[in-house]
Amino acid sequence: MTEAERKVGVFICHCGGNISDVVDVNALREFASKQGGVVAATDFRFMCSNEGQAKLQKTIQEKGLEGVVVACCTPKMYEDMFRETAKEAGMNPYLLEIANVREQCAYPHRAEPGKATEKAKELVSAQVAKVLRLRPLDVKTAPIHEGVAVIGAGIAGIHAAILLGNAGHHVTLIEKSPTIGGNMARFDKTFPTLDCAMCTLSPKMNQVFNHPNVDLLTYAEVKDAVRTPGKFTITVEKKPRFVTDACIGCNRCTEACPVSGPKSPLKVESEWNMGLNLRKAIYLPFSQALPQLWTIDAEHCYYFQRNRTCGICAKVCPANAVDFTMKPEHLQLEVGAVLVATGYQPFEAGRVAQYGYGKYADVYHGLQIERLLSSTGPTEGKLVKKDGTPPKSVGIIHCVGSRDENYRSYCSRVCCMYSLKYAHLIRERTGARVYNFYMDMRANGKGYEEFYQKVASEQVGFVRGKPARVTDVAEAPEEEGKLIVVVEDTLAGAMLRVPVDMVVLSTAMDPGDVDGLLASLHLDKTADGFVKEYHLKINPTETAVKGVFVAGCAQGPKDITDTIAQAGAAAMSASIFLGSGEMTLNPLVAEVNPDLCRACDRCTDVCEFDAVHVDPESLRAVVDETACEGCGKCTVVCPTGAIMVRQFTKPQIVASIDALAPKAVAQ
Amino acid sequence: MTDEPDILALCCNWCGYNAADQAGAAKIPYPSGVKILRLMCTGMVDPYYILRGFERGFDGVLVVGCHPGSCHYKSGNLQAREQTDRLMGVLRTLGIGPERLRMDAASSSEGPRFAETVTEFSETLKKLGPSPLREVA
């Protein structure tokens, strides 16, 4: 269709006076009716009302309109709705454009109605010029593949996997460590209720482990993800455990393993207990680990590291479950949606050197204290110093790494509360004096302020101030043999030296080590390093990549309550997406005119989305419409004008510029 | 230019255009000579559009995208910055003057900033007088 043939209708909305009190809608209608191609121009009190839309549809059908301009509020409000309305009336929806005469004329220029009206005319003529040059577009859809991959089996991933499984979706839950449970499984108690963490987590671990709709892949890592319309193909590497499913969990291998023994040169710290004790090379991370399968850590095993000189685990195994020949397996999963729940890791406490972590034996970080307090930890729940004696006094330093422009500028949101929890538990179990060194007390959750008040009434000391350093250099007899926290009490306006037996560093939450995963899923990070959500406020569970959802601390620091809530919301979003059956592909993406393309590769150089490639056969650029976001960077660097973004082609944009140009010279 | 300069404002869909909407919704007045054209990203701003604007009599051209680091498409705003920087020299050679082209960033919530930017730009252009191309066009 040539532009002269297209019949265009212009619909001017009064917006109940918001527009018509400023813009002379009669003059605007008269002007619009005289524009080339315009066969109908009308105005109405509320175009967005049912009546207004009926009028739009009726006119489209009666006049046989092939293009529409609605002069109303910003396209961000009702463009989609008007396009849908036009589509129902039989018109191609992509031939409808909005002239934004409310936000751009009536509102900012309401003191100058004459100028507002003149500008409205230009905006309408620019959109008419554009509509005359638009091409009808087909919306393509792609069926959404069944199934969802949940990456990370901490509390967020476990909860989401259970819900998605309950909703009837086939779930693959992928966990990189040998057991599910995540950081929550390390906790002793949870604030503010002081519930036993494993008592609430363990049933969920069992539920997901036994769920008929959930496949569990543990000790497995996502290596790559390829997105095609409606489908993600995910490559997962299953690391070899060197122990088969025949394992009966008798623990004889661990007892026999020589690694980490008193005379053994090979020693390995327990990741589970945050390096507080040693573990064997063949091990189960903790007694409630799921699956109950032992794992050999080949990097610390005599069989692998000392030329097969060992193998005692295989000899003592009554089930013949040890298999040193296991190799990494690569699996390919095809799913329609991905839910990222990769959690957090504790900030490296040693980076804040002035607090002496790694230098002084009795300086610990938060997760280590969880393990020391836990009955499944290295001391079976007895809080003791490295020398085995209980501390008489403990200093808890808040905001280590958090709210510090040298490290992490964000608040980690849980540290105040877990610090209070430690204060309570330490006092309860050891009777030690406990000091909290805090900047601000943030107790903003249900029951949290009450918990703070409760702990404050338990003779726990609170010093408002960020400690300068922790030192063992005594300046007074009572400081001998102690760790001294040097701090300014900003409420009292005094410098203090507080001698304690043990120091706890309430470290920040850091994002997990997941850059490779995010890159393969084309996910962005926010400035703090966590996964970027679609919209921080109104859409915190989706991402800019359709079909990829995020939950838990992968998206930002949060407590268990918020993690559960977000995991539920993300599961719901993923379920709705999968249940919709098909996804629409954005038609406003780049397109190549093969006659003009010279295969120079400049478009591929600037593309951030890996969405355009030169086909080696035809030597022409080819756009992957599912990956292209339609930004148009390529259109600027293309030397021949071969690549264009639909509805934003050069002739369309130039026609709009000409229509907006000062009339004295433009005509 | 009758009493106020004509400005072509090429705004990205995600930041510049929304900032202009915010300015409007808050009823912050700014000169009516500002004509906004919505593009998906400033990354699609071809130097030709800017030259076309001047050729057609605009006194100034403003490109408004997202702040560096927050481009909806990662780096379109950076490409636009490159393109506009390069064009400055061309505008000087052509006698139009680089001060008639400006690139700015405004996040989608920065309505007041958008209004301030266009008002200040309009004042600057007023002092410069009409574009020299108006006479030849």
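Residues numbered from 1 in each chain as written. Chains lettered and ligands numbered in written order. Predicted model: local features only at pLDDT ≥ 70, side-chain atom pairs only at ≥ 80, totals over all residues. Heavy atoms only, no water.

## Let's talk about the overall build of chain A
Then step 1. When you go through chain A residue by residue, the secondary structure sums to 19 helices and 34 strands.
Then step 2. If one aligns the C-alpha atoms of chain A with their principal axes, the spans along those axes are about 95 × 65 × 45 Å.
Then step 3. Within chain A, the fraction of its 667 residues that count as buried is 56%.
Then step 4. Put simply, of all contacts in chain A between residues at least 6 apart along the chain, 69% involve residues at least 24 apart.
Then step 5. A total of about 28,500 Å² of accessible surface is found on chain A, and carbon and sulfur atoms cover 49% of it. (Helix = DSSP H or I, 4+ residues; strand = E, 2+ residues; numbered from the N terminus. Buried < 20%, exposed > 50% of the residue type's maximum accessible area, 1.4 Å probe, protein only. Contact = heavy atoms within 4.5 Å. Areas by Shrake-Rupley, 256 points an atom, 1.4 Å probe, with all protein chains shown as cover.)

## Re the nonpolar core
All names here are of chain A.
Then step 1. Core analysis: the biggest nonpolar cluster contains 98 residues, and Ile282, Ile296, Leu339 and Ile369 have the highest contact counts within it.
Then step 2. No other element matches helix α12 (residues 415-430), which puts 9 residues into this core.
Then step 3. Leu96, Val101, Leu137 and Leu660 belong to the second largest nonpolar core, which has 97 residues in total. (Core = buried A, V, L, I, M, F, W, Y, C linked by side-chain atoms within 4.5 Å.)

## A look at the sheet that holds strand β3 (residues 67-72) of chain A
Residues and elements named next belong to chain A.
Then step 1. Pairing is parallel across the open sheet formed by 4 strands, whose spatial order is β2-β1-β3-β4. The two strands at the open ends of the sheet, each matched to only one other strand, are β2 (38-44) and β4 (96-100). If you compare each strand with its neighbour and ignore which way they point, the axes differ by 15° on average.
Then step 2. For β3 and β4, the ladder comprises 5 bridges, and the chain directions are parallel. By the bridge assignment, Val68 is partnered in β4 with Leu96. (Pairing = 2+ DSSP bridges. Axes fitted to C-alpha atoms, helices over the stretch in contact; angles between N-to-C directions.)

## A closer look at the interface of chain A and chain B
Then step 1. Listed by partner, the interface residues are 40 residues for chain A and 45 residues for chain B.
Then step 2. Counting each side, the surface lost to burial between chain A and chain B is near 4,000 Å², with a carbon and sulfur contribution of 59%.
Then step 3. Our enumeration of links across chain A and chain B arrives at 6 salt bridges.
Then step 4. Between Lys115 of chain A and Glu4 of chain B there is a salt bridge; the shortest N-O distance is 3.3 Å.
Then step 5. Summed over the shared surface of chain A and chain B, the number is 16 residue pairs in polar contact (both at pLDDT 80 or more). (Buried area = accessible area lost by both parts, 1.4 Å probe. Salt bridge = Lys/Arg side-chain N within 4 Å of Asp/Glu carboxyl O. Polar contact = N/O pair within 3.5 Å; in protein donor to acceptor, adjacent residues only side chain to side chain.)

## Observations regarding the sheet that holds strand β1 (residues 7-12) of chain B
Residue and element names in this part refer to chain B.
Then step 1. Strand order in the open sheet formed by 4 strands is β2-β1-β3-β4, with parallel pairing between adjacent strands. Each end of this open sheet is capped by a strand with a single partner; those strands are β2 (34-39) and β4 (101-105). Neighbour-to-neighbour, the strand axes of this sheet turn through a mean angle of 20°, independent of strand direction.
Then step 2. Summarising the sheet, β1 and β2 pair through 6 bridges and their orientation is parallel. Paired with Ala9 across the bridge in β2 is Ile36.
Then step 3. Across the sheet, helix α3 (residues 76-94) lies against β3 (60-65) and β4, angled at about 160° from β4, the strand it touches most.
Then step 4. Of the strands in this sheet, β1, β2, β3 and β4 touch helix α4 (residues 111-128), which is tilted by about 165° from β4.

## Some words on unusual backbone geometry
All names here are of chain A.
Then step 1. Cis peptide bonds are those with omega within 30 degrees of zero, and the linkage from Phe191 to Pro192 qualifies with -5°.
Then step 2. Here Pro192 lies in the loop between β8 (189-190) and β9 (195-196).
Then step 3. The peptide bond linking Leu290 to Pro291 adopts the cis configuration, its omega dihedral lying at -5°.
Then step 4. Along the chain, Pro291 turns up in the loop between β15 (282-283) and β16 (295-296).
Then step 5. In the Ramachandran plot, Tyr219 falls in the positive-phi region, its phi being about 55° despite a non-glycine side chain.

## Re helix α6 (residues 155-166) of chain A
Residue and element names in this part refer to chain A.
Then step 1. In this model, α6 (12 residues) spans 16 Å end to end at C-alpha, consistent with the 16 Å of a helix rising 1.5 Å per residue.
Then step 2. With respect to burial, α6 is a largely interior element, 10 of its 12 residues being buried.
Then step 3. Listing the buried residues of α6 in full gives Ile155, Ala156, Gly157, Ile158, His159, Ala160, Ala161, Ile162, Leu164 and Gly165.
Then step 4. In this structure, the buried side of α6 is in contact with β6 (148-151), β7 (171-174), α7 (197-209), β10 (214-217), β18 (337-340) and α15 (560-579). (Expected span 1.5 Å × (residues − 1).)

## Considerations on the pattern of salt bridges
Then step 1. Summed over all chains, the structure comprises 43 salt bridges over all chains.
Then step 2. Two residues, Lys121 of chain A and Glu118 of chain A, come together in a salt bridge whose shortest N-O distance is 3.1 Å. Here Lys121 of chain A pairs with Glu118 of chain A, and both are found in helix α5 (residues 113-133), just 3 residues apart, close to one helical turn.
Then step 3. Its relative accessible area of 17% is what places Lys121 of chain A among the buried residues.
Then step 4. For Asp510 of chain A, the salt bridge goes to Arg408 of chain A, with nearest N and O atoms at 2.6 Å. You can see Asp510 of chain A sitting in strand β28 (residues 509-511) and its partner Arg408 of chain A sitting in the loop between β21 (393-400) and α12, a full 102 residues away along the chain.
Then step 5. Through salt bridges with shared partners, one network takes in Glu79, Arg83, Glu97 and Lys130 of chain A together with Arg38 of chain B.

## Comments concerning the state of the cysteines
Then step 1. Across all of its chains, the model carries 2 disulfides over all chains by this definition.
Then step 2. Through a disulfide, Cys196 of chain A is tied to Cys199 of chain A; the S-S separation comes to 2.4 Å. Disulfide Cys196 of chain A-Cys199 of chain A: the torsion about the S-S bond is 85°, which places it as right-handed.
Then step 3. With a relative accessible area of 25%, Cys196 of chain A lands in the partly exposed category.
Then step 4. With no disulfide of its own, Cys12 of chain B lies 3.8 Å from the sulfur of Cys66 of chain B, the closest cysteine sulfur.
Then step 5. The exposure class assigned to Cys12 of chain B is buried, which follows from its relative accessible area of 2%.
Then step 6. Looking at the unpaired Cys41 of chain B, the closest cysteine sulfur is the one in Cys71 of chain B, lying at 4.1 Å.
Then step 7. Accessibility expressed as a relative area gives 2% for Cys41 of chain B, which makes it buried. (Disulfide = S-S within 2.5 Å.)

## Regarding the pairing of strand β32 (residues 612-615) of chain A
Then step 1. For β32 of chain A and strand β33 (residues 620-623) of chain A, the ladder comprises 4 bridges, and the chain directions are antiparallel. Bridge assignment links His613 of chain A to a residue of β33 of chain A, and that residue is Val622 of chain A.

## Thoughts on the packing of aromatic side chains
Then step 1. Tallied over the full model, the rule gives 16 aromatic pairs over all chains.
Then step 2. Between the aromatic rings of Tyr303 of chain A and Phe304 of chain A, the centroid separation amounts to 5.2 Å while the plane-to-plane angle is 75°, which identifies the pairing as edge-to-face.
Then step 3. Classification of Tyr303 of chain A as buried rests on a relative accessible area of 15%.
Then step 4. Its relative accessible area of 30% is what places Phe304 of chain A among the partly exposed residues.
Then step 5. Every member of this aromatic cluster is reached through a ring pair, and the members are Phe242, Tyr303, Phe304 and Phe324 of chain A.
Then step 6. In this arrangement the basic side chain of Lys421 of chain A is found over the ring face of Phe187 of chain A, its NZ or CZ atom lying 5.3 Å from the centre.
Then step 7. The lysine or arginine in question, Lys27 of chain B, covers the ring of Tyr107 of chain A, its NZ or CZ lying 4.1 Å from the ring centre. (Phe/Tyr/Trp six-rings, centres within 6.5 Å; stacked < 30°, edge-to-face > 60°. Lys NZ or Arg CZ within 6 Å of the ring centre and 35° of its normal.)

## Some details on the environment of Met572 of chain A
Residue and element names in this part refer to chain A.
Then step 1. Summarising the element assignment, Met572 is placed in helix α15.
Then step 2. Taking the relative accessible area as the measure of exposure, Met572 reaches 52% and is therefore exposed.
Then step 3. When the C-alpha atoms of Met572 and Leu164 are compared, they prove to be 7.7 Å apart, with 408 residues separating the residues in sequence.

## Here's the deal with the confidence of the model for chain B
Then step 1. In this model, chain B carries an average pLDDT of 93, and 96% of its residues clear a pLDDT of 70 or more.
Then step 2. Interface predicted TM-score (ipTM) for the complex: 0.97; the corresponding pTM is 0.77. (pLDDT = per-residue confidence, 0-100.)

## Some thoughts on the side chain of Thr235 of chain A
Residue and element names in this part refer to chain A.
Then step 1. Among the structural elements, Thr235 can be located in strand β12 (residues 231-238).
Then step 2. Residue class for Thr235 comes out buried when judged on its relative accessible area of 18%.
Then step 3. Among the polar contacts listed, one links the side chain of Thr235 to the side chain of Gln332, at a separation of 3.1 Å.

## Thoughts on the packing of α6 of chain A against α15 of chain A
Residues and elements named next belong to chain A.
Then step 1. Two elements in contact, α6 and α15, have axes whose closest approach is 8 Å; the angle formed by their N-to-C orientations is 40°. Between α6 and α15, the angle is such that the two are oblique. Here α6 and α15 pass one another in a crossing that is right-handed. Between α6 and α15, the contacting residues are Ile155, Ala156, His159, Ala160, Leu163 and Leu164 on the first element and Thr563, Ile564, Ala567, Gly568, Ala571, Ala574 and Ser575 on the second.
Then step 2. Its residues assigned to classes, the contact of α6 with α15 shows 9 nonpolar, 4 polar and no charged. (Parallel < 35°, antiparallel > 145°, perpendicular 65-115°, else oblique. Left-handed = near helix turned anticlockwise from the far one by under 90°. Nonpolar A, V, L, I, M, F, W, Y, C, P; charged D, E, K, R; others polar.)

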